[in-house]
Amino acid sequence: MKTLLGAGWSPRLPSCPLRLLQPSKAPVSLPRCQGDSRNETSGGKSDLSIGSPIVVVEAPPTLKTATAMSSLRINAGLVKQGDVGRIIARKPKDVWAVRLAIGTYLIDGKYFKPLDVDE
């Protein structure tokens, strides 16, 4: 059986020796933002985790569904102030997937707060 490469084919090795790079053992320091005013006025968003109950404090103007093929639509009274939901997932830039009675939506953190059981 003939091959496409031919009978006399052999892999070519580079003429220069290969050097494997060793990972650096030097410690890496990452900058941290301290005194960020957003973190101080976030209203306890650090308390949020998956499964935490939340309450909507302001109706978002638009809604984005948290599905594989998401859709963006105007909030025509679907999500109202006082609606209660549960955190499903965390997304970048303080966006959270929230399960409400009408479905799961991606909502910015400024539109809800953690639900206090004492309220």
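Residues numbered from 1 in each chain as written. Predicted model: local features only at pLDDT ≥ 70, side-chain atom pairs only at ≥ 80, totals over all residues. Heavy atoms only, no water.

An unreviewed UniProt entry lists the chain under the name (wild Malaysian banana) hypothetical protein, with Musa acuminata subsp. malaccensis given as the organism.

1. Observations regarding the overall build of the chain
Across its full length, the chain holds one helix and seven strands. If you list the helices and strands of the chain from N to C, you get α-β-β-β-β-β-β-β. Per-residue burial over the chain gives 19% buried out of 119 residues. For the chain, the share of sequence-separated contacts (at least 6 apart) that also reach a separation of at least 24 residues comes to 50%. (Helix = DSSP H or I, 4+ residues; strand = E, 2+ residues; numbered from the N terminus. Buried < 20%, exposed > 50% of the residue type's maximum accessible area, 1.4 Å probe, protein only. Contact = heavy atoms within 4.5 Å.)

2. What about the pairing of strand E6 (residues 103-108)?
Where burial is concerned, the two faces of E6 differ: the one with Gly103, Tyr105 and Ile107 is buried and the one with Thr104, Leu106 and Asp108 is not. Bridge analysis of strand E2 (residues 62-65) against E6 gives two bridges, and the strand direction is antiparallel. When the sheet's bridge partners are listed, threonine 65 is paired in E6 with tyrosine 105. Strand direction decides the pairing type here: strand E5 (residues 95-100) and E6, joined by six bridges, are antiparallel. (Pairing = 2+ DSSP bridges.)

3. Describing the nonpolar core
In a soluble, globular protein the nonpolar side chains are often hidden away together inside. Core analysis: the largest hydrophobic core is formed by 13 residues, its most contacted members being Ile87, Val98, Ile107 and Phe112. Every element with two or more residues in this core is listed here: strand E1 (53-56), E5 and E6. Per-element tally for this core: the top contributor is E5, with three residues. Look past the residues within four positions of isoleucine 87 in its chain and what remains in contact with it is Leu48, Ser49, Ile50, Gly51, Ser52, Ile54, Trp96, Ala97, Val98 and Phe112. (Core = buried A, V, L, I, M, F, W, Y, C linked by side-chain atoms within 4.5 Å.)

4. Remarks on the sheet that holds E6
Taken in spatial order, the seven strands make up an open sheet running E3-E2-E6-E5-E4-E1-E7, and their pairing is antiparallel. Only two strands of the sheet have a single partner each, and these edge strands are strand E3 (72-74) and strand E7 (112-114). If you compare each strand with its neighbour and ignore which way they point, the axes differ by 45° on average. (Axes fitted to C-alpha atoms, helices over the stretch in contact; angles between N-to-C directions.)

5. Re unusual backbone geometry
Peptide bonds are mostly trans, and most non-glycine residues show a negative phi. With phi around 60°, lysine 93 is a residue other than glycine that occupies positive phi space. Relative to the helices and strands, lysine 93 resides in the loop between strand E4 (84-91) and E5. According to the relative accessible area criterion, lysine 93 is exposed, its value standing at 77%. With phi around 55°, aspartate 94 is a residue other than glycine that occupies positive phi space. Turning to its location among the elements, aspartate 94 is positioned in the loop between E4 and E5.

6. Quick look at the environment of glycine 77
Relative to the helices and strands, glycine 77 resides in the loop between E3 and E4. Each C-alpha atom of the pair glycine 77 and alanine 59 lies 8.2 Å from the other, and the pair is 18 residues apart in sequence.

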